[in-house]
Amino acid sequence: MRLALVTFLLVSLVLTSTFFEVSMAGSDFCDSKCAVRCSKAGREDRCLKYCGICCDKCHCVPSGTYGHKDECPCYRDLKNSKGNPKCP
């Protein structure tokens, strides 16, 4: 019984870590669009992080490095906890 429990826990751990790794990986679409969007950002690492979050939720990123948020209403309308725009 104990061996079965240990085996089950190990298999669960492996499957969970595999799923987590896949779900955290950015898509090629979002990575490339956010690279363009954040290319002139002062804090590029932060820009890429939030752009990636917004792209995953909205499945779009506005063109250019600034503005054009009317191209993607979901991206435009996401807000942080303080009510400010979340997406760069």
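In the block above lies the structure referred to throughout.
None of these values were measured; they are calculated from a predicted model. (Residues numbered from 1 in each chain as written. Predicted model: local features only at pLDDT ≥ 70, side-chain atom pairs only at ≥ 80, totals over all residues. Heavy atoms only, no water.)

Novice: Looking at this model, I keep getting lost on unusual backbone geometry. Mind explaining?
Specialist: Negative phi characterises most residues that are not glycine, and trans characterises most peptide bonds. Backbone geometry at His 59 places phi at a positive 60°, although glycine is not the residue there. The topology assignment puts His 59 in the loop between helix 3 (44-58) and helix 4 (73-77). Even without being glycine, His 68 reaches a positive phi, approximately 60°. Structurally, the position occupied by His 68 is in the loop between helix 3 and helix 4. (Helix = DSSP H or I, 4+ residues; strand = E, 2+ residues; numbered from the N terminus.)

Novice: Honestly, the state of the cysteines in this entry has me stumped. Any pointers?
Specialist: Note on terminology: disulfide describes a covalent bond linking the sulfur atoms of two cysteines. The tally for this structure, following the rule as stated, stands at 6 disulfides. Shown here is the disulfide that connects Cys 30 with Cys 55, its sulfur atoms set 2.0 Å apart. Classification of the bridge connecting Cys 30 and Cys 55 rests on its S-S torsion, roughly -80°, and on that basis the disulfide is left-handed. On the criterion of sequence distance, the pair formed by Cys 30 in helix 2 (residues 28-37) and Cys 55 in helix 3 is long-range, its members being 25 residues apart. With respect to burial, Cys 30 and Cys 55 carry one shared label: buried. Here Cys 38 is linked by a disulfide to Cys 47, with a sulfur-sulfur distance of 2.0 Å. On the S-S bond that ties Cys 38 to Cys 47, the torsion sits near -80°, and the link is left-handed. Take Cys 38 and Cys 47: they sit in the same class, and that class is buried. (Disulfide = S-S within 2.5 Å. Buried < 20%, exposed > 50% of the residue type's maximum accessible area, 1.4 Å probe, protein only.)

Novice: Whenever I open this one, the pattern of salt bridges confuses me. Can you help?
Specialist: Charged atoms that come close allow side chains of opposite charge to pair. Across all of its chains, the model carries 1 salt bridge by this definition. The partner of Arg 76 in a salt bridge is Asp 77, and the shortest N-O contact between them spans 2.9 Å. Take Arg 76: its relative accessible area is 35%, and that puts it in the partly exposed class. (Salt bridge = Lys/Arg side-chain N within 4 Å of Asp/Glu carboxyl O.)

Novice: Teacher, can you tell me more about the packing of helix 2 against helix 3 here?
Specialist: When two helices pack together, their arrangement is captured by the angle between the axes and the distance separating the axes. One way to put it is that helix 2 packs onto helix 3 with a least axis distance of 9 Å and a crossing angle of 135°. Here helix 3 runs oblique to helix 2, going by the angle between their axes. Like other packed secondary-structure pairs, helix 2 and helix 3 cross with a definite hand, here right-handed. On helix 3, the residues touching Phe 29, Cys 30, Cys 34, Ala 35 and Arg 37 of helix 2 are Leu 48, Cys 51, Gly 52, Cys 55 and Asp 56. In terms of residue class, the contact of helix 2 with helix 3 is made up of 7 nonpolar, 1 polar and 2 charged. (Axes fitted to C-alpha atoms, helices over the stretch in contact; angles between N-to-C directions. Parallel < 35°, antiparallel > 145°, perpendicular 65-115°, else oblique. Left-handed = near helix turned anticlockwise from the far one by under 90°. Contact = heavy atoms within 4.5 Å. Nonpolar A, V, L, I, M, F, W, Y, C, P; charged D, E, K, R; others polar.)

Novice: Just to check I follow, could you spell out helix 3 for this structure?
Specialist: For the α-helix, the turn length of 3.6 residues means that residues three or four positions removed from each other point alike. Relative to the 21 Å expected for 15 residues at 1.5 Å per residue, helix 3 spans 20 Å between its end C-alpha atoms, a close match to the ideal helical length. Looking only at helix 3, the buried set comprises Cys 47, Cys 51, Gly 52, Cys 54, Cys 55 and Cys 58. Buried residues in helix 3 make contact with helix 2 and helix 4. Just downstream of helix 3 lies His 59, where phi reads positive at about 60°. (Expected span 1.5 Å × (residues − 1).)

Coordinates in, geometry out; function isn't part of it.
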